[in-house]
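Here are the chains, one letter per residue:
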Amino acid sequence: MAGNGNDLFAGVAAVEEVAGVAEALDVIPTDVEEKRRVKRRGGNTLDRWEVPLVKAMLLRKGYNDQDILAYFTRPTRTVNHRLIGEIRSGDKHDAVKAADEEDLNLFLATWPDVDHETGLSVRGDELLIKAREAMIAAVHIFNSAGLTFRAELFIVTAIISWTYLLHSYYKRHGIPYAYKDKRTAHGQDRYWDLTQCIDTGKCPLPEGMKTNLRFLIGLRNEIEHQSTSRIDDAVGAELQSCCLNFNEALKEHFGHQFGLEKRLPIALQFVSFGMDQRSALKKASSLPTHVSTFISAFEHDLTDEQVKDPSFRLKVAFVPIAAKKAAGADQAVVTVPPGSELADKIEVVFKEINRSRYIRKEILDKVQAAGYPNFGPGAHTKLMTELDAKNPSKGFGCVGDYQAHWVWYDRWLETVLEHCKAHPERYQ
């Protein structure tokens, strides 16, 4: 998982362990077999560009129907040998002209033209290959160090990725996805944009995924027509859902072997959020008015169930573990699952364990060093009383391990500093 929008895409647990046990028994469990199975498209149809090549091979001596069939069968698409015979007899595609010698020679010289990672046909499965590559590029862009335009670049590229994925799905199932009354400036077919892809009644995506995509499309429109400041933290949960939704849809409709978790493992960072970093993030996190207005308007039209759907917005908490035993040191994080009782109570993304602890004198020293020399013990006691700060439920501190003295967390130090900043005439 990823937290706070700082890194995207997490690995998903594999099924190799179950498969290994099953192989020892010469049995493959049904769920493992399903995950291994390639999702083939319905029907036994050739693409339009393939029919002229089949005809050219039929005209050239040395190729029987079975030989020709081998050139046009691939993992994602099987072709019944009967179709080759129907083309030979003229029962199908009789009006299509055979490819010329040059095109046939080029096809044979480059066959098999496949993507080496997936085994997909570079030409026949071009849309699916581009969809995967676009999402991989989007995540790499977002996770790149030093970029300040990350969310915007991710959103634009991810929308392209989803559009190609749905075009590939519609093509595979023989569903026309070109506008009937719209053409490009050069008179070519104009294919559906992502909004049309998800609004059609034949879209295979569940509502939560559609809601997430509509949100990103609306945000993309704001990005396109007006400049934005940094919005990474504000929309990180939606971007994370977009990634996981894409991977789920990719595997569900095309096959588990095409999942991206092997290409995009969990991202590592050189960042930990201390008090100074959090204060800086708060100052830099203000959204431009048009973006915040769009987000508020979009969410206003959603039901509570839609807002809580992890397919729309995924909230994840990373809990750093300070292991007391060597056996526990392998577990780097604990992921709080969406929908759990704990997840509903989470207000922050990073929950600190073994936090810094201060006695009262250290709090006073830090506050005075920050430029508030007149904040003394009396002012501290007054503020502590007003805020009921020693109530454990407030989360400002706890009873320490040494002689049962009360100690304060960073949160209390931040609160004191905010109080001093609000009343500089008293304490400076």
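Structure: above.
Keep in mind that this is a model prediction, so the values were computed, not measured. (Residues numbered from 1 in each chain as written. Predicted model: local features only at pLDDT ≥ 70, side-chain atom pairs only at ≥ 80, totals over all residues. Heavy atoms only, no water.)

(A) Broad picture of the overall build of the protein. For the protein, the helix and strand inventory stands at 19 helices and six strands. Counting every position in the protein, which comprises 428 residues, the buried fraction comes to 39%. Considering only intrachain contacts with a sequence separation of at least 6, the fraction spanning at least 24 residues in the protein is 68%. Of the accessible surface of the protein, which amounts to about 24600 Å², a share of 53% is contributed by carbon and sulfur atoms. (Helix = DSSP H or I, 4+ residues; strand = E, 2+ residues; numbered from the N terminus. Buried < 20%, exposed > 50% of the residue type's maximum accessible area, 1.4 Å probe, protein only. Contact = heavy atoms within 4.5 Å. Areas by Shrake-Rupley, 256 points an atom, 1.4 Å probe, with all protein chains shown as cover.)

(B) Focus on the nonpolar core. Counting residues in each nonpolar core, the largest one holds 46 residues, and the members touching the most others are M135, F154, W162, L165, Y170, L194 and L205. For this core, the secondary structure elements donating two or more residues are helix 7 (126-143), helix 8 (150-172), helix 9 (194-199), helix 10 (207-225) and helix 11 (232-254). Examining the composition of this core, we find that ten residues originate from one element, helix 8, more than from any other. In contact with Y170, other than residues within four places in its own chain, are I175, Y177, W192, C197, T200, K202, C203 and P204. Residues Y372, F375, M384 and W406 belong to the second largest nonpolar core, which totals 18 residues. (Core = buried A, V, L, I, M, F, W, Y, C linked by side-chain atoms within 4.5 Å.)

(C) How the structure looks around the packing of aromatic side chains. Taken as a whole and assessed by the stated rule, the structure comprises 13 aromatic pairs. Summarising the aromatic geometry, the rings of Y71 and F107 are spaced 6.3 Å apart at their centres and angled 50 degrees between planes, so their arrangement reads as tilted. Here the residue Y71 occupies a position in helix 4 (residues 65-72), and F107 occupies one in helix 6 (residues 101-110), the gap between them amounting to 36 residues. Using a relative accessible area of 12% as the deciding quantity, one classes F107 as buried. Between F142 and F154, the aromatic rings sit 6.1 Å apart at their centres with planes inclined by 75 degrees, giving edge-to-face as the arrangement. (Phe/Tyr/Trp six-rings, centres within 6.5 Å; stacked < 30°, edge-to-face > 60°.)

(D) Focus on the pairing of strand 1 (residues 178-183). Here strand 1 runs beside strand 2 (residues 189-191); their pairing, made up of two bridges, is antiparallel. Each bridged residue has a counterpart across the sheet, and for R183 the counterpart in strand 2 is D189. (Pairing = 2+ DSSP bridges.)

(E) Inspection of the environment of V235 at higher detail. Mapped onto the elements, V235 comes out in helix 11. Spatially, the C-alpha atoms of V235 and L216 are 9.3 Å apart, while their sequence positions differ by 19 residues.

(F) Broad picture of the pattern of salt bridges. Tallied over the entire structure, the rule returns eleven salt bridges. E207 is the partner of R214 in a salt bridge, and the nearest nitrogen-oxygen pair spans 4.0 Å. Residue E207 is classed as partly exposed on the basis of its relative accessible area, which comes to 47%. One salt-bridge network, in which partners are shared between bridges, spans D199, E207, K210 and R214. (Salt bridge = Lys/Arg side-chain N within 4 Å of Asp/Glu carboxyl O.)

(G) Representation of the packing of helix 16 (residues 360-369) against helix 17 (residues 377-386) in the model. Put simply, helix 16 and helix 17 touch, their axes get as near as 11 Å, and they point 110 degrees apart. By the criterion of interaxial angle, the relationship of helix 16 to helix 17 is roughly perpendicular. Mapping the contact onto sequence places R360, I363 and L364 in helix 16 and P377, H380 and T381 in helix 17. Residues that form the contact of helix 16 with helix 17 fall into these classes: three nonpolar, two polar and one charged. (Axes fitted to C-alpha atoms, helices over the stretch in contact; angles between N-to-C directions. Parallel < 35°, antiparallel > 145°, perpendicular 65-115°, else oblique. Nonpolar A, V, L, I, M, F, W, Y, C, P; charged D, E, K, R; others polar.)

Shape descriptors only; they carry no functional weight alone.
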